[in-house]
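# Structural overview for review
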Amino acid sequence: MTDALRADVPDDVAAAVAAAHRDHWGTVLAATVALTRDLDLAEDSVQEACVQALRAWTREGIPENRAGWLTTAARRRALDAIRRSQTLQRKLPLLVWDAEGHRDDAMAGTMADDGPATVRRIEDEAAPVVLDERLRLIFLAAHPALAPTSRIALTLRLVSGLSTEQIAAAFHLPTATMAARLTRAKKRIRLSRIPCRVPGAAELDGRLVDVLDVLSVLLAVGMRGKAEAGGDAGPRAAGDGETTRTTDAQAAVLDSTVHTLQVLGDLLPHHSEPRGLLAQALLLQARASTRIDERGRPVALAEQDRTAWDRELIERADHLVIGSLARGGRGPYLVQAAISAAVAVPARHEDIDWCEVVELYDALLMHWPTALVQLGRVVAVSEAEGAAVAFDHLEPLADELDAHRSFHVIRGELLGRLGAHEAAASAFRTALDRQGSAGESEVLREMLRVR
């Protein structure tokens, strides 16, 4: 929505529409797609409904059920467009809406096929907002038949309602490039007749992994933007409009990803992995203000001000982790959350039980036996058993992780603790040659000057 559209709109109405767009876009879009089977038509209808809300809510007041109002308005606009195209049947084949064969008991009754009765109901009364419809949309956007980059972009567009410009900025891409990527993804859905449905019980776990992998990437992107936006003397203060636009977009990605994880956890209460990833997101948010200093440089965990952490978010995340573990959850995202909680919950860095963290990393390696997970374990071992033991675990990873800056930074820190200062300086110089943020590079240069 442009500034011109908001020019004569009271601030409280503009804020209410913006909040409704942020909080309910995915639900309203899913309900509209259920009628149209056409992603583009549904998106246009929801956007038009938001514009209509600016005017209508100014005249009539802000409704109590904002999501229901937007759903009704969007679906009415979609119906008008369908009528103008002469026949509803022409729209039905564009998305395969699996209403019978793959519906779990939990989904039963949430979405009957839209026919004349549904059309009359939408015309006559406010449409019920059904969260389960959003779940269909989440699984559609993250479908494995789509390219990984397309899944990420489509999830942000369809589920979170971010604009093409916002998504492009978050990934440092031209808007035209991102628009083309979204168009190709939607075309692939139509031509491949990818079903818009929640997977059945037999395939749900596997498909849920696809969704969580996408959301994990989005969480990392969002946290990067949050960190880059955090320094008062950092990029934003420098007057760099492009940087500000990018970090704002990345922060929007973080908010939308957390909201999607909350919805996913509510809709799949017996699956612990969405709760595990949500707990990770909350713990990252709780520490966000202390991870980057006022100059935009990363702050080591031991030096972060724990009194500035959001203890309410930490307690909420810890409750999610403990509850999911108590119910038997042992998946990788939950184990990752348990590691993060073990580090964040203690009031002092000195109180962290690093032996427990090492054991949790051993559990994570059972799922993800990767060199990067092993690198995280090395850090925990260095705290639990000392630098010498950790260094012995680190060296076998050298070939596989040579391109990663973090490997050389950790190697330099361990060598420094062992008294090998020239070798440590060499490791830090190697780290400077690897890709990383400007803030990290500044810290490394300072470390080399000190040495």
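Not measured: the values here are computed from a predicted model. (Residues numbered from 1 in each chain as written. Predicted model: local features only at pLDDT ≥ 70, side-chain atom pairs only at ≥ 80, totals over all residues. Heavy atoms only, no water.)

### Concerning the overall build of the protein
For the protein, the count of helices and strands is 21 helices and zero strands. Burial analysis of the protein (451 residues in total) assigns 50% to the buried set. Considering only contacts within the protein whose residues lie at least 6 apart along the sequence, 69% involve residues at least 24 apart. By element, 51% of the accessible surface of the protein is carried by carbon and sulfur atoms, the whole surface being about 21,000 Å². (Helix = DSSP H or I, 4+ residues; strand = E, 2+ residues; numbered from the N terminus. Buried < 20%, exposed > 50% of the residue type's maximum accessible area, 1.4 Å probe, protein only. Contact = heavy atoms within 4.5 Å. Areas by Shrake-Rupley, 256 points an atom, 1.4 Å probe, with all protein chains shown as cover.)

### Focus on the pattern of salt bridges
For the structure on display, the rule yields 19 salt bridges. Residues R190 and D40 are paired through a salt bridge, measuring 3.6 Å at the closest nitrogen-oxygen approach. In this pair, R190 sits in helix α9 (residues 175-192) while D40 sits in helix α3 (residues 39-60), placing the two residues 150 residues apart along the sequence. A salt bridge links R59 to E60; its shortest N-O distance comes to 3.6 Å. Like E60, R59 is exposed. Here the residues in one salt-bridge network are D40, E43, R157, K186 and R190, joined through shared partners. (Salt bridge = Lys/Arg side-chain N within 4 Å of Asp/Glu carboxyl O.)

### Quick look at the side chain of R377
Relative to the assigned elements, R377 resides in helix α16 (residues 371-385). According to the relative accessible area criterion, R377 is buried, its value standing at 18%. Dropping the residues within four chain positions of it, R377 is found in contact with V358, Y361, D362, L365 and H393.

### What about helix α12 (residues 272-287)?
Spanning 16 residues, α12 covers 23 Å between terminal C-alpha atoms, matching the ideal 22 Å at 1.5 Å per step. Counting buried positions over the 16 residues of α12 gives 14, a clear majority of the element. (Expected span 1.5 Å × (residues − 1).)

### So, the nonpolar core
Ranked by internal contacts, the top residues of the largest apolar core, which has 121 residues, are W57, L264 and V357. Once you skip the residues sitting within four places of it in the chain, W57 turns out to touch V13, A16, V17, A20, I62, P63, R66, W69 and L70. (Core = buried A, V, L, I, M, F, W, Y, C linked by side-chain atoms within 4.5 Å.)

### Here we look at the packing of helix α7 (residues 148-159) against α9
Interaxial distance between α7 and α9 falls to 9 Å at its minimum, and their mutual angle equals 95°. Judged by the inter-axis angle, α7 sits roughly perpendicular to α9. Between α7 and α9, the residues in contact are T149, S150, A153, L154 and R157 and M178, R181, L182, A185, K186 and I189, respectively. When the residues that make up the contact of α7 with α9 are grouped by side-chain class, the tally is six nonpolar, two polar and three charged. (Axes fitted to C-alpha atoms, helices over the stretch in contact; angles between N-to-C directions. Parallel < 35°, antiparallel > 145°, perpendicular 65-115°, else oblique. Nonpolar A, V, L, I, M, F, W, Y, C, P; charged D, E, K, R; others polar.)

### A short note on the packing of α3 against α9
At their nearest, the axes of α3 and α9 sit 10 Å apart, and the two run at 130° to each other. Judged on the interaxial angle alone, α9 and α3 are oblique. Counting all contacts with α3, which are made through L39, D40 and E43, the residues of α9 involved are K186, I189 and R190. Tallied by class, the residues present in the contact of α3 with α9 amount to two nonpolar, no polar and four charged.

### Comments concerning the environment of C196
You can see C196 is positioned in the loop between α9 and α10 (201-228). Linking C196 and F139, residues 57 residues apart in sequence, is a C-alpha distance of 7.5 Å.

### A look at the packing of aromatic side chains
The tally for this structure, following the rule as stated, stands at two aromatic pairs. Measuring from ring centre to ring centre gives 5.4 Å for W57 and W69, while their planes differ by 75°; the resulting arrangement is edge-to-face. Linking W57 in helix α3 with W69 in helix α4 (residues 66-84), this pair joins segments that are 12 residues apart in sequence. Between Y333 and W368, the ring centres sit 5.2 Å apart and the planes meet at 80°, which makes this aromatic pair edge-to-face. (Phe/Tyr/Trp six-rings, centres within 6.5 Å; stacked < 30°, edge-to-face > 60°.)

### Thoughts on the confidence of the model for the protein
Of all residues in the protein, 83% attain a pLDDT of 70 or more, and the chain-wide mean is 84. Every residue in residues 100-131 is under pLDDT 50, and counting partners more than four places away or in other chains gives 54 contacts. Below pLDDT 50 for its whole length, residues 231-239 participates in 13 contacts with residues either more than four positions away or in separate chains. (pLDDT = per-residue confidence, 0-100.)

### A short note on unusual backbone geometry
Excluding glycine, most residues fall at negative phi; most peptide bonds, likewise, are trans. Even without being glycine, H172 reaches a positive phi, approximately 55°. Since its relative accessible area comes to 55%, H172 is described here as exposed. In this model, R193 sits at a positive phi of 50°, which is unusual for a non-glycine residue.

### Topic: the environment of A168
Locating A168 in the fold gives a position in helix α8 (residues 164-170). With 81 residues separating them along the chain, A168 and A249 place their C-alpha atoms 8.5 Å apart. Apart from residues lying up to four places away in sequence, A168 is in contact with L173, P174, T175 and M178.

### A few points about α3
With 22 residues, α3 extends 30 Å between its outermost C-alpha atoms, agreeing within 8% with the 32 Å of an ideal straight helix rising 1.5 Å per residue. A bend of about 30° at A53 is the largest found in α3. A distance of 3.1 Å separates the backbone nitrogen of D40 from a side-chain oxygen at the start of α3, and that oxygen is part of D38. Positive phi shows up at G61, right after α3, with a value of about 95°. (Bend = angle between axes of the 7 residues up to and from the residue. Polar contact = N/O pair within 3.5 Å; in protein donor to acceptor, adjacent residues only side chain to side chain.)

### Some details on the environment of Y333
Along the polypeptide, Y333 turns up in helix α14 (residues 332-344). Given a relative accessible area of 5%, Y333 falls into the buried group. In this structure, Y333 is in contact with L212, D213, S216, E273, G276, L277, Q280 and W368, ignoring residues within four places of it in sequence.

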